[in-house]
Amino acid sequence: MAAVTPSQSLIRSSPHNSLPSLIGFRKTRLGLEPKLVERGIGWKSCEKRRGRKEYVTKKAAERGWVVRCTAEGMEKGMLMRGRAGEPKITVPERFKVVTLLAMVMCLCNADRVVMSVAIVPLAAEHGWSSSFLGIVQSSFLWGYVFSSVIGGVLVDRYGGKKVMACGVALWSLATLLTPWAATHSTLSLLAVRAFFGLAEGVALPAMSTLVSRWFPINERASAVGISMAGFHLGNVTGLLVTPIVISSIGISGPFVLFSSLGLLWLTMWGYGATSDPRESHLISQSELRLIQAGKTESSVRNGKFLPLRLLLSKLPTWAIIFANITNNWGYFVLLSWMPVYFKSVFDINLKQAAWFSAAPWGMMAISGYIAGVVSDYLIKVGYPLTLVRKIMQSIGFIGPGVSLLCLNHAKTPVAAAMFLTAGLSLSSFSQAGFLLNMQDIAPQYAGFLHGISNSAGTIAAIVSTIGTGYFVQWLGSFQAFLTVTALLYFATTIFWNAFATGERVFL
């Protein structure tokens, strides 16, 4: 029988305060439900009611109050009473961590997108060809391809907090230097963008590992959905803010703005997060027990390396690698080329192109969170983890594949934006597919596996980004490359459903 001591109580109130004002609190987005606990009540005698994990103290029952606690003594939410008797919600520490992750993922992608917009006036100023535009756009990926593996290994060994902090500091510096490099020389620009990619390569492995440490398995998809919603909103922010700042201040304006925001985020991150909830001085014991009880694997970092040969010998690993390749191929084509696509195909100006390009990313943020909630719900009600991962990933690939084929027949920018919105919205279901599957099959080495698969995906992104430029210059149309991308989505869906698994593969 669970015993709850006053030290474990998460409500602070005097015996004279009444509880009716606390009625009406609902579950949070992550399923965090406030429980009412009253100090000064005798806890020695509890009786079980209706076969549920629910206990009623005798003294509380006499007053007509019901005090709920789980058999494990874990509360999913926290509620405190202010001095004036007004109820106040105390947010769980894991929710604070995921909020900071969403913020930094937003900055991560916004910093990328700034160049996708700024490159249009830069190309006009310097007379760059379409093929050279692809080279400039892909230079970010030259560094990114190496840091994904390195960052994954560092995250597994040193934890996500330090690695993420170092990455943000370095990519903010690179963002600040980009306009200077563009005016100095082409070689300087390519070098700074490669350094920028090198720093940003640690973001996704660090985010993925931090989520796995801070959240029980039946909340991870929602947590990833929130983090990646920030990532996709970074597209919207970059696409909408950059043209406005450029027109008001100049090309250097948005680069200075977003690099400054990165340094501001670092000050919050240093105080508000740890690599593991057990290292946090702010987390309650009840929340810590909830997190630990909701894990199926040990979260201890053992500092060991998984042999690459062993990693690549398993088909579930290749299912993740191929999924990452396909996801990055399609994602970076759309990320890098949509402003150019709308301007060249429909002959609209830069600000209009930014709006048409931004709308799909905004919907992607919403649908990614919905995918996470649905995925967590299916797991909670008993669907096999493998089946859930396959369903989510199939939606995430078949949806954008069909949408890209339809995009070839769009006659207006509005129709094109609708197809892009549908495709990108559905592609966000991959977040509850291969992106979480790394933690399923190799929880101790998820950072390393993420780095390996992301490096392969980055190479694919380089090929697709440069290839789009050459295809457009050669054929004078985006249609052929969009068709190739759609076929790749369909082929990878078949491979994923044949070989992916939600079971643990590497111990």
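On to the pattern of salt bridges, then. Applying the stated criterion to the full structure yields six salt bridges. Where Lys-96 meets Glu-93, a salt bridge forms, and the shortest distance between an N and an O atom there is 2.9 Å. Separated by three residues within a single helix, Lys-96 and Glu-93 lie in helix 2 (residues 93-126), roughly one turn from each other. Overall, the relative accessible area of 36% leaves Lys-96 in the partly exposed class. A relative accessible area of 6% means that Glu-93 is categorised as buried. The partner of Glu-287 in a salt bridge is Arg-94, with the nearest N and O atoms 3.0 Å apart. In this pair, Glu-287 is assigned in helix 9 (residues 285-293) and Arg-94 in helix 2, connecting sequence segments 193 residues apart. Comparing Glu-287 with Arg-94, the two get one shared label, buried. Taken together, the shared-partner salt bridges in this structure form one network comprising Arg-94, Glu-219 and Glu-287.

Tallied over the entire structure, the rule returns nine aromatic pairs. Relative to Phe-196, the ring of Phe-140 has its centre 5.5 Å away and its plane inclined at 50°; by these criteria the two rings are tilted. In this pair, Phe-140 is assigned in helix 3 (residues 130-158) and Phe-196 in helix 5 (residues 186-200), connecting sequence segments 56 residues apart. When its relative accessible area of 4% is taken as the criterion, Phe-140 is described as buried. Seen from their ring centres, Trp-329 and Phe-481 are 5.6 Å apart, and the 10° between their planes marks the pair as stacked.

On to the packing of helix 2 against helix 4 (residues 160-184). Packing of helix 2 against helix 4 brings their axes to within 11 Å, and their N-to-C directions diverge by 15°. With respect to each other, helix 2 and helix 4 are oriented roughly parallel. Taken as a pair, helix 2 and helix 4 cross one another with a handedness that is left-handed. Where helix 2 abuts helix 4, its residues Leu-101, Val-104, Leu-107, Cys-108, Asp-111, Met-115, Leu-122 and His-126 lie against Met-164, Val-168, Trp-171, Thr-175, Thr-178 and Ala-182. Of the residues that constitute the contact of helix 2 with helix 4, the class distribution is ten nonpolar, three polar and one charged.

With 15 residues, helix 5 extends 21 Å between its outermost C-alpha atoms, agreeing within 8% with the 21 Å of an ideal straight helix rising 1.5 Å per residue. Those residues of helix 5 that fall on the buried side of the exposure criterion are Ser-188, Leu-189, Leu-190, Val-192, Arg-193, Ala-194, Phe-196, Gly-197, Ala-199 and Glu-200.

In terms of nonpolar packing, the biggest core is built from 123 residues, with Trp-128, Met-164, Met-207, Trp-265 and Phe-342 touching the most fellow members. For this core, the element with the highest residue contribution is helix 2, accounting for 19 residues. With residues near it in sequence (within four places) discarded, Met-164 still touches Leu-101, Val-104, Ala-203, Ala-206, Met-207, Trp-265 and Trp-269.

Right, let's talk about helix 14 (residues 413-427) for a bit. Over its 15 residues, helix 14 runs 21 Å from end to end, which matches the ideal 21 Å to within 8%, given 1.5 Å per residue. Buried within helix 14 we find Pro-413, Ala-416, Ala-417, Leu-420, Thr-421, Gly-423, Leu-424, Ser-425 and Ser-427.

Time to look at a nonpolar patch on the surface. Taken together, the side chains of Phe-146, Ile-150, Leu-154, Tyr-158, Leu-170, Leu-173, Leu-176, Leu-177, Trp-180, Phe-195, Leu-198 and Val-256 define a hydrophobic patch exposed on the protein surface, amounting to about 1100 Å² of accessible area. For the nonpolar patch, the secondary-structure elements that each account for two or more residues are helix 3, helix 4 and helix 5. With five residues, the single largest contributor to the nonpolar patch is helix 4. Structurally, the position occupied by Val-256 is in helix 8 (residues 252-272). We classify Val-256 as partly exposed; its relative accessible area is 40%.

Once that is clear, we can look at the environment of Ser-227. One can find Ser-227 in helix 7 (residues 220-248). Classification of Ser-227 by relative accessible area gives buried; the value is 0%. Expressed as a C-alpha distance, the spacing of Ser-227 and Met-207, which sit 20 residues apart in the sequence, is 7.8 Å. Leaving out residues up to four positions away in the same chain, Ser-227 has contacts with Val-98, Leu-101, Ala-102, Met-105, Met-207 and Val-211.

Before going further, it helps to spend a moment on the confidence of the model for the chain. Summarising the model, the chain shows a mean pLDDT of 77, and 77% of its residues fall at 70 or more. Per-residue pLDDT, averaged within each element of the chain, yields its smallest value for strand 1 (residues 46-48) (40) and its largest for helix 13 (residues 385-407) (93). A low-confidence stretch, residues 1-82 (pLDDT under 50), is modelled with 145 contacts involving residues beyond four sequence positions or located in other chains.

What counts and what doesn't
Residues numbered from 1 in each chain as written. Predicted model: local features only at pLDDT ≥ 70, side-chain atom pairs only at ≥ 80, totals over all residues. Heavy atoms only, no water. Salt bridge = Lys/Arg side-chain N within 4 Å of Asp/Glu carboxyl O. Helix = DSSP H or I, 4+ residues; strand = E, 2+ residues; numbered from the N terminus. Buried < 20%, exposed > 50% of the residue type's maximum accessible area, 1.4 Å probe, protein only. Phe/Tyr/Trp six-rings, centres within 6.5 Å; stacked < 30°, edge-to-face > 60°. Axes fitted to C-alpha atoms, helices over the stretch in contact; angles between N-to-C directions. Parallel < 35°, antiparallel > 145°, perpendicular 65-115°, else oblique. Left-handed = near helix turned anticlockwise from the far one by under 90°. Contact = heavy atoms within 4.5 Å. Nonpolar A, V, L, I, M, F, W, Y, C, P; charged D, E, K, R; others polar. Expected span 1.5 Å × (residues − 1). Core = buried A, V, L, I, M, F, W, Y, C linked by side-chain atoms within 4.5 Å. Patch = residues over 30% accessible without salt bridge, like charges linked within 9 Å, V, L, I, M, F, W, Y side chains within 5 Å. Areas by Shrake-Rupley, 256 points an atom, 1.4 Å probe, with all protein chains shown as cover. pLDDT = per-residue confidence, 0-100.

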